[in-house]
Amino acid sequence: MHSLHVDLGQRSYPIHIGTGILADPALFAPALSTGPVAIITDSNVAPLYLEALHKTLRKLEKDVLTITLSAGEASKSLANIQEITGRLLSAGYGRDCTLCALGGGVVGDITGFAAAVYQRGVACIQVPTTLLAMVDSSVGGKTGVNHPLGKNMIGAFYQPRAVIADTDTLDSLPDREFRSGLAEVIKYGLINDQGFFSWLEDHMDAVLAREADALAKVIQYSCKDKADIVARDELEGGLRAILNLGHTFGHAIEATTGYGQYLHGEAVAIGIVMAADLSRRLDLIRESEQNRIYALIKATGLPTLAPAFPIADYLAFMRVDKKAEGGRVRFILLRGIGSAVITGDVPPAAIAQTLQAFMEHEHA
Ligand SMILES: NC(=O)c1ccc[n+]([C@@H]2O[C@H](COP(=O)([O-])OP(=O)(O)OC[C@H]3O[C@@H](n4cnc5c(N)ncnc54)[C@H](O)[C@@H]3O)[C@@H](O)[C@H]2O)c1
Ligand SMILES: O=C(O)C(=O)C[C@@H](O)[C@H](O)[C@H](O)COP(=O)(O)O
Ligand SMILES: [Zn+2]
């Protein structure tokens, strides 16, 4: 097992990464509150791993309530916050309870937000079961739900008390969902870890083959990169925005297509390719660097073209992106592989050209 530390003073917490650790009560005990536990999961994960987690919590003599959501992005909704909090209240759960997210980023985000708002805040433990959740969503405390008018528009910064990533759970993760997590992995290489990007270029076959050593390195490197950034800028006052590379475009793609047609990582992959193109159009990076970025995204099998929608539809969602300032859309762009910058100085014509260049043929 490999453990990392997210250094947030009194709210610091561990990230445990390893095989079979779902069965280790010693990892859960320090993060649990004194009261009962509510496991929040989804319909794909429950039959696979719920009993294992129940068994571990029973060893700690915990009463456990289970809330199972429908799998998929559409479940990241305010209606489900109502459902979750209603179930907790009906069960008589108080401030001494702990919410345990067992699943991917959808379960992790909605559980974290439920923990943030239920009785003004209860403990939360993240138990990620997708690659994307292990390398990104379970760490850093961004929680929330989607709104029809924008992605992640309702939420809170609320840190878990522990992240327990049992890599055995990836054995059942379908290939499409596995690849989706690789967009966020490549993101770390691009924003501040050139050496990791080069390593990914040389080892992508081993990663796609889910070779244990390669997978361990990917998860550990990603979590360390994210933990370092979050420790320096928890509430996204500046630095942390670089973790949003590809997301101004990516979130617009998710919202325009109605949440769920594209997995988050698929939309982010397209967004990264677009951000690289925009960076080159603005002479921030060389064409050779753009080509390396495009080639690595392609090597994962992730999509590189946005679905055919009117450009105005995408722009409407980009305008409400949470990074926008003074009415200007802001992007995370690249100054090179391993270096990112946030900027609102992007000519609208360049944005439109990039959207046209990386869109399926209609509406281009
Ligand atoms: N809070 C953050 O910092 C952050 C970071 C990145 C992404 N996100 C959010 O995370 C979400 C995407 O997360 P995701 O990609 O994990 O999607 P997801 O949670 O929808 O999981 C993908 C699919 O895999 C299934 N699944 C999960 N674990 C499985 C397993 N071990 N075996 C078999 N099937 C399994 C799920 O049921 C689902 O059908 C988006 O809503 C995105 O906005 C949040
Ligand atoms: O943790 C962060 O900060 C990120 O930006 C990580 C992203 O991968 C993630 O998708 C996050 O939810 C996007 O944040 P948002 O503020 O744009 O909703
Ligand atoms: Zn993301």
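Being a predicted model, the structure only gives us computed values, none of them experimental.

**Here's the deal with the coordination of the zinc ion (ligand 3)**
Then, number 1: Of the protein atoms, only Glu184 (OE), His247 (NE2) and His264 (NE2) coordinate the zinc ion (ligand 3), at distances of 2.0 to 2.1 Å.
Then, number 2: Along the chain, the residues that donate to the zinc ion (ligand 3) are spaced as E-x62-H-x16-H. With a gap of 17 residues between them, His247 in helix 9 (residues 247–256) and His264 in helix 10 (residues 264–281) connect regions that are remote in the sequence. Residue His247 shares its accessibility class with His264, and that shared class is buried.

**Details of the site of ligand 2**
Then, number 1: Around ligand 2, a shell composed of 13 residues is seen, among which Asp136, Lys142, Asn152, Lys226 and Arg240 lie nearest.
Then, number 2: Asp136 has a polar side-chain atom sitting 2.7 Å from an oxygen atom of ligand 2.
Then, number 3: At 3.1 Å, a side-chain N or O of Glu184 approaches an oxygen atom of ligand 2.
Then, number 4: Here ligand 2 loses 91% of its free accessible area of 430 Å² to cover by the protein chains.

**As for the nonpolar core**
Then, number 1: Counting residues in hydrophobic clusters, the biggest one holds 77 residues, and the most contacted among them are Leu131, Leu190, Leu200, Ile219, Ile293 and Phe331.
Then, number 2: With 10 residues, helix 10 is the single largest residue contributor to this core.
Then, number 3: Mapped onto the domain boundaries, this core takes at least three residues apiece from domain 1 (2–170) and domain 2 (175–358).
Then, number 4: For Leu200, the contacting residues outside a window of four places in its chain are Val185, Ile186, Val218 and Leu296.

**So, the UniProt feature "binding site: NAD(+)" (unreviewed entry) in the chain**
Then, number 1: Taken from the UniProt record, the annotation "binding site: NAD(+)" (unreviewed entry) applies to Gly105, Val106, Val107, Gly108, Asp109, Thr129, Thr130, Lys142 and Lys151.
Then, number 2: Mapped onto the elements of the fold, Gly105 is located in helix 4 (residues 105–117).
Then, number 3: Here Gly105 is in contact with Thr130, Ala133 and Ser137, once residues within four sequence places are set aside.
Then, number 4: By secondary structure assignment, the location of Val106 is in helix 4.
Then, number 5: Take Val106: its relative accessible area is 18%, and that puts it in the buried class.
Then, number 6: In this structure Val106 touches Gly72, Glu73, Ser75 and Lys76, once residues within four positions along its chain are discounted.

**Looking at the sheet that holds strand 6 (residues 123–128)**
Then, number 1: The seven strands lie next to each other as 1-2-9-6-5-3-4, forming an open sheet whose pairing is mixed. Two strands close off the open sheet at either side, each with one partner strand: strand 1 (2–6) and strand 4 (64–69). The sheet shows a mean angle of 15° between the axes of neighbouring strands, taken without regard to direction.
Then, number 2: Here four bridges tie strand 3 (residues 37–42) to strand 5 (residues 98–103), and the two strands are oriented parallel to one another. Bridge pairing links Val37 to Thr98 in strand 5.
Then, number 3: With respect to the sheet, helix 4 is in contact with strand 3, strand 4, strand 5 and strand 6, its orientation differing from that of strand 5 by roughly 170°.
Then, number 4: Packing against the sheet, helix 8 (residues 212–232) makes contact with strand 1 and strand 2 (13–18), and its axis sits at approximately 15° to strand 1.

**Describing the site of ligand 1**
Then, number 1: Around ligand 1 lies a shell of 28 residues, among which Asp42, Thr129, Thr130, Lys142 and Ser172 are the nearest.
Then, number 2: One nitrogen or oxygen atom from the main chain of Lys142 is found 2.7 Å from a nitrogen atom belonging to ligand 1.
Then, number 3: Relative to its free-state accessible area of 860 Å², ligand 1 is covered by the protein chains to the extent of 92%.
Then, number 4: Looking at the shell around ligand 1 residue by residue, the classes come out as eight nonpolar, 10 polar and 10 charged.

Calculation rules
- Residues numbered from 1 in each chain as written.
- Chains lettered and ligands numbered in written order.
- Predicted model: local features only at pLDDT ≥ 70, side-chain atom pairs only at ≥ 80, totals over all residues.
- Heavy atoms only, no water.
- Donors = N, O, S within 2.8 Å, 3.2 Å for Na, K, Ca; no water.
- Helix = DSSP H or I, 4+ residues; strand = E, 2+ residues; numbered from the N terminus.
- Buried < 20%, exposed > 50% of the residue type's maximum accessible area, 1.4 Å probe, protein only.
- Near = heavy atom within 4 Å.
- Polar contact = N/O pair within 3.5 Å; in protein donor to acceptor, adjacent residues only side chain to side chain.
- Areas by Shrake-Rupley, 256 points an atom, 1.4 Å probe, with all protein chains shown as cover.
- Core = buried A, V, L, I, M, F, W, Y, C linked by side-chain atoms within 4.5 Å.
- Domains from an automatic or database assignment.
- Contact = heavy atoms within 4.5 Å.
- UniProt positions renumbered as here; feature names shortened; annotations may be inferred.
- Pairing = 2+ DSSP bridges.
- Axes fitted to C-alpha atoms, helices over the stretch in contact; angles between N-to-C directions.
- Nonpolar A, V, L, I, M, F, W, Y, C, P; charged D, E, K, R; others polar.

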